[in-house]
Amino acid sequence: MNNNLAYDFSKFEEKQAAPQRPQIEQIYPKVKDTISLPKVIFGLMSVLIVTSMLIYNNVRISEINTEIRMQQQEYDILVNEGIRLNMELESGASLSKVEEYASNVLGMVKMEKSQMQYIELTDGTTVEIMQQEEPNLFDQVQRLLTEFVENITGKA
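Because the structure is a prediction, the values reported are computed rather than measured.

### Here's the deal with the pattern of salt bridges
Right, so step 1: In the structure shown here, the tally under the stated rule is 4 salt bridges.
Right, so step 2: Here E63 ties to R60 by a salt bridge, and the two come within 3.1 Å at their closest N and O atoms. Separated by 3 residues within a single helix, E63 and R60 lie in helix 3 (residues 37-92), roughly one turn from each other.
Right, so step 3: The class of R60 is partly exposed, set by a relative accessible area of 38%.
Right, so step 4: Among the ionic pairs, R84 bridges to E81, the shortest N-O distance being 2.5 Å. A residue pair is termed a helical-turn pair when its members lie 3 or 4 positions apart in one helix, as R84 and E81 do in helix 3 at 3 residues.
Right, so step 5: Note on R84: relative accessible area 41%, which makes it partly exposed.
Right, so step 6: Within this structure, E81, R84 and E88 form a network of salt bridges that share partners.

Parameters and conventions
Residues numbered from 1 in each chain as written. Predicted model: local features only at pLDDT ≥ 70, side-chain atom pairs only at ≥ 80, totals over all residues. Heavy atoms only, no water. Salt bridge = Lys/Arg side-chain N within 4 Å of Asp/Glu carboxyl O. Helix = DSSP H or I, 4+ residues; strand = E, 2+ residues; numbered from the N terminus. Buried < 20%, exposed > 50% of the residue type's maximum accessible area, 1.4 Å probe, protein only.

So this is what it looks like as structure tokens:
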């Protein structure tokens, strides 16, 4: 009986246990000793303080930016008001407004050609101003009549 059958003897051998993983305490024995409650509390408090400071700074920056915008708006309003007042001043001081005020309020009239006096220059280096003569009798009577009519009509 010689047959060529092979036998598997490994089934009869004792089985070895699977290798166990080492525990964290075995690998890093100091990790458990270095973490303590005061250190955790200190770390959390530090994070809380830094976060609070960042939030406070952001709020303060927002407040300051709002105040800057409000001041800028007020500045723009004042600049526009200044421009408006300058334009009003320029329009009030125009020649037509001055003439209108002088004629209506002050009772002034434009000068006539007969009221103009001319200056004669003899040699270009000196100026002679012609002296008015004493008013004659006709001019005095005319002035008195003009004053009389103005007093009666109430024009001053």
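Past the structure itself, the notes keep going.
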